[in-house]
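Examining the three-dimensional arrangement
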Amino acid sequence: MTTSIAGGSSNLHYRLSFRQAKGCRQASWISSLKFNGCLRNEISWSDGLSKLLQFQRYKFSRSTISKNWKPLGTRKVSVSSCLRDSTVKYFDFAVIGSGVAGLRYALEVAKYGTVAVITKAEPHESNTNYAQGGVSAVLSPSDSVESHMQDTMVAGAYLCDEETVRVVCTEGPDRIRELIAMGAMFDHGEDGNLHLAREGGHSHHRIVHAADMTGREIERALLEAVVNDPNISVFEHHFAIDLLTSQDGPDMVCHGVDTLNTETQQVVRFISKVTLLASGGAGHIYPSTTNPQVATGDGIAMAHRAQAVISNMEFVQFHPTALADEGLPIKPIKARENAFLITEAVRGDGGILYNLDWERFMPLYDERAELAPRDVVARSIDDQLKKRCEKYVLLDISHKPREKILSHFPNIAAECLQYGLDITRQPIPVVPAAHYMCGGVRAGLQGETNVQGLYVAGEVACTGLHGANRLASNSLLEALVFARRAVQPSIDHMKSSSLDLSASNWWARPVVPSSLGSNVMDNVSRKTREVRRELQSIMWKYVGIVRSTTRLETAEGEISELEGQWEKYLFEEGWEQTMVGLEACEMRNLFCCAKLVVSSALARHESRGLHYTIDFPHVEESKRLPTVILPSLVKNNTWSSRQLHKQVIF
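Throughout what follows, the structure given in this document is the object of discussion. None of the values given here were measured: they were computed from a predicted structure. (Residues numbered from 1 in each chain as written. Predicted model: local features only at pLDDT ≥ 70, side-chain atom pairs only at ≥ 80, totals over all residues. Heavy atoms only, no water.)

Describing the pairing of strand S11 (residues 238-248)
- For S11, the tally of buried residues reaches nine of eleven residues, placing the bulk of the element in the interior.
- In terms of strand pairing, S11 meets strand S12 (residues 251-261) through ten bridges, oriented antiparallel. Paired with Phe239 across the bridge in S12 is Leu260.
- Linking S11 back to S12 in an antiparallel pair, the connection comprises two residues, with Gly249 at a positive phi of about 60 degrees. (Buried < 20%, exposed > 50% of the residue type's maximum accessible area, 1.4 Å probe, protein only. Helix = DSSP H or I, 4+ residues; strand = E, 2+ residues; numbered from the N terminus. Pairing = 2+ DSSP bridges.)

Written as C-alpha cells, this is what we have:
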C-alpha cells in the first residue's frame with residue numbers, strides 16, 4: 001500500500017510505503033519514516049494538520065523574578081468554570097506549561113473564556129526563563145525577511161518547512177512590538193534604537209535582547225500580565241500526567257488533562273474545551289543539559305500516548321558552550337541540576353574558541369569559524385575533546401573592552417566570578433550540553449495537531465521552522481508566533497464545543513500510591529533515580545553528538561532492557577498501572593522520549609544538521625524528508641507508551 005502525504009503547511013511532498021505486518025507488530029521504514037504498528041485506512045494530510053490522519057481511528061535590577069517570586073497559589077475561578085469538587089475543574093482553555101508560548105497564548109484566549117495555566121513547578125521555572133541570548137527578528141532597515149529566511153534554511157540543513165519559515169520571519173517583528181507594548185524592556189543602543197546583537201548562523205544583527213537574560217525579562221512581563229488577568233487561573237506544582245482523550249468516529253479528541261498536585265499529592269482532573277500543550281522539551285534524557293529540572297519530555301510523551309503525530313526527534317541540539325565546571329578555578333561544591341549556559345552571543349560578540357594549548361581550532365572546521373551554526377561548532381568541539389583526550393575547551397572574550405563585556409554579559413560574568421573566574425581577563429571553560437529538541441509534536445501553521453482540540457506551541461512542537469538544526473534565537477520567536485497563531489482556531493473550537501459536566505467520569509482515575517507505605521516508596525524513589533542516571537548515561541554514550549548504527553542499536557537494546565527491569569521492579573513492589581508519582585511519571589516520560597529519539601535516529605540514513613552518523617556521513621538530497629512517527633494502533637506493552645486511563649466507551 002502506498003499513500004501520498006503533503007506535509008501540512010510544507011511544500012515538501014513525500015511518499016511512503018508500508019506493508020501490512022502480521023498482527024500489526026512490525027514497523028516499516030521507508031525514507032526516514034517509522035510507523036509504530038500498522039495503519040488500517042488510507043492516510044491523508046490536507047488542510048494543514050487539522051485533518052492529518054484519518055485512520056481507524058534584562059539587567060540585574062529588573063531580573064529578580066526567580067528571587068522575588070511570590071507563589072500565585074491557585075486563584076479562585078468563577079462558579080461557572082469550576083464545580084465544588086476540588087479534584088475536578090472545568091475551563092474553556094487548559095494551558096499546560098508557563099513559558100513564553102503558554103503565557104502568551106493564555107493572555108489572548110482569556111479574552112474569550114476561562115483559562116487554566118497548569119505548571120509543573122513555579123510559573124517562572126521554564127526553559128524561557130533560562131534563555132539568555134534573545135529573540136531574532138527583522139527590525140533593521142538593512143535586514144530583510146528573505147535574509148532571515150535564508151539563514152534559517154541554511155542552519156536547518158534545508159529540512160525546514162519554507163512556508164512556516166516565511167510566516168515566522170514575517171510575523172516575528174510584530175510579536176516583538178507586542179512584548180514591548182506589554183512592558184518587556186530590551187536593551188537599546190546609544191542612538192535610542194533597540195540594540196540588535198548577532199549570533200552564529202545569522203548574516204545580520206537581528207537579536208533583540210535584555211543583556212544576557214532575555215528569557216527572564218520576557219517571562220517577567222508575561223507573568224505580570226497573567227497575574228492581573230481575572231480570567232486566568234494559575235495552578236502551580238501540578239504535574240501533567242496524561243491527556244484525556246476519546247475516539248469520535250475517525251477522530252481522536254482531547255478533553256483536558258489529568259494532573260498530580262505535587263504538594264498535596266492529590267490527583268486533579270481538568271476538563272476543557274481546548275488544550276494547548278506548551279510544556280517545553282526533553283533535555284533531561286541526557287546527563288548534562290542547559291534545561292531546568294522540569295524538562296523531562298512530559299508533553300511529547302503525553303501527546304505520543306494520546307495518538308498525536310511526532311516528528312524529527314533525531315534532531316537534538318547540543319549547545320556547544322555550557323560552562324565546564326572542571327575547568328573553573330574554584331569547583332562547585334555540589335553537582336548542578338542543569339548546566340549553566342554560555343550564550344551564543346559571546347561568540348557573536350567576538351569570543352574565540354581555543355583548545356587547552358591555546359590553539360584556535362574553529363577555522364580548521366568551517367570558514368565561518370566561531371560564527372558557524374551550533375551543530376558545526378558542537379561537533380568541532382567534540383572532535384577536539386576526543387582527539388586530545390581533554391574535558392573542555394576555552395572560550396575567550398577577554399580581548400574585548402571590560403565595560404562592554406560586563407554590560408552585555410552580566411549574568412555570565414557574575415556566575416563565573418563565584419568560582420574565581422573573571423571573564424574580562426580569563427577564558428571560560430566550556431563543553432557541549434543537550435540544549436533543545438528540534439523535533440516534537442507535529443503542528444500545522446496554526447499550532448493544530450491531528451488530535452481535535454489539542455494545539456501545541458514552543459519547544460514541544462515540531463512546526464517545521466527549525467528543520468535539522470535550530471538557528472540561534474529562533475526558539476522564542478517561534479513560540480511567540482505560534483502561540484499567537486493558535487488563538488483564533490482555538491477560539492473557534494471553543495465556541496463550537498460544550499463542556500459535559502459528566503465528562504469527568506469517562507476515564508478511570510489515576511491513583512496516588514499511598515497504600516504502598518513509606519519504605520516501599522523510598523525504595524521506588526531510590527531505584528528510579530538510579531535508572532534515570534543510567535538512561536542518561538546510555539543516551540550520552542550512544543545517542544550523542546556523533547552517532548553510528550551500531551551504537552544506536554545498542555542504545556535501543558539497552559534502553560528496552562533497562563525499562564523492562566525498572567517496570568518489573570515497580571510492579572513487584574506493588575505498583576499498579578494506574579498509580580502515579582512525580583519521579584515515576586517523569587521516568588516514564590524520559591523512557592518514552594529516549595525511545596522516540598533513538599527510533600528516529602535509526603530511521604535517518606544520512607547526516608543532516610544535528611544528526612551526524614559515521615555510517616552515512618553525507619547529506620543525501622533524496623532523504624530530505626521529515627522523520628514521522630505515526631500513532632500506534634495497537635496497545636503498547638510498556639508503561640511509558642500507553643495512557644494510564646481506560647478510553648471512554650460510548
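Next comes the rest of the description.
Some thoughts on the packing of aromatic side chains
- Applying the stated criterion across every chain yields a total of 13 aromatic pairs.
- Ring centres 4.9 Å apart and planes at 80 degrees place the aromatic pair Phe235 and Phe270 in the edge-to-face group. Highlighted residues: Phe235 in strand S10 (residues 232-235) and Phe270 in strand S13 (residues 266-277), separated in sequence by 35 residues. Residue Phe235 shares its accessibility class with Phe270, and that shared class is buried.
- Grouping aromatic residues by their ring pairs yields a cluster made of Trp566, Phe571, Trp575, Phe591 and Trp639.
- Positioned above the aromatic ring of Tyr569 is the side chain of Lys527, whose terminal nitrogen or guanidinium carbon lies 5.8 Å from the ring centre. (Phe/Tyr/Trp six-rings, centres within 6.5 Å; stacked < 30°, edge-to-face > 60°. Lys NZ or Arg CZ within 6 Å of the ring centre and 35° of its normal.)

Let's talk about the nonpolar core
- Grouped together as the largest cluster of nonpolar side chains are 76 residues, with contacts concentrated most on Ile285, Tyr286, Leu535, Met539, Val543 and Val597.
- When residues in this core are grouped by element, the largest group, 13 residues, is from helix H16 (residues 582-603).
- Excluding residues that lie within four positions of it along the chain, Val597 makes contacts with Ile285, Tyr286, Met313, Glu314, Val316, Met437, Met539 and Val543.
- With 54 residues, the next largest nonpolar core counts Ala106, Met149, Val165 and Val487 among its residues. (Core = buried A, V, L, I, M, F, W, Y, C linked by side-chain atoms within 4.5 Å. Contact = heavy atoms within 4.5 Å.)

Focus on the pattern of salt bridges
- Scanning the entire structure with this criterion turns up 40 salt bridges.
- When the shortest N-O distance is used, the salt bridge between Glu326 and Lys391 registers 3.7 Å. Taken together, the residues span a long stretch of sequence, with Glu326 in the loop between strand S15 (316-323) and helix H7 (344-348) and Lys391 in the loop between helix H9 (374-388) and strand S17 (393-396) at a distance of 65 residues.
- The class for Lys391 is exposed, based on a relative accessible area of 58%.
- Beyond isolated ion pairs, a larger network of salt bridges with shared partners links Arg104, Glu108, Lys111, Glu171, Arg175, Glu178, Arg484 and Arg485. (Salt bridge = Lys/Arg side-chain N within 4 Å of Asp/Glu carboxyl O.)

Topic: the environment of Ile342
- Mapped onto the elements of the fold, Ile342 is located in the loop between S15 and H7.
- Classification of Ile342 by relative accessible area gives buried; the value is 0%.
- On a C-alpha basis, the gap between Ile342 and Leu323 in space is 6.3 Å, while along the polypeptide they are 19 residues apart.

Examining helix H13 (residues 487-495)
- What H13 keeps buried is the set Val487, Pro489, Ser490, Ile491, His493 and Met494.
- Residues of H13 that are buried sit in contact with strand S5 (88-96), helix H2 (100-109), S13, strand S20 (454-456) and helix H12 (475-485).

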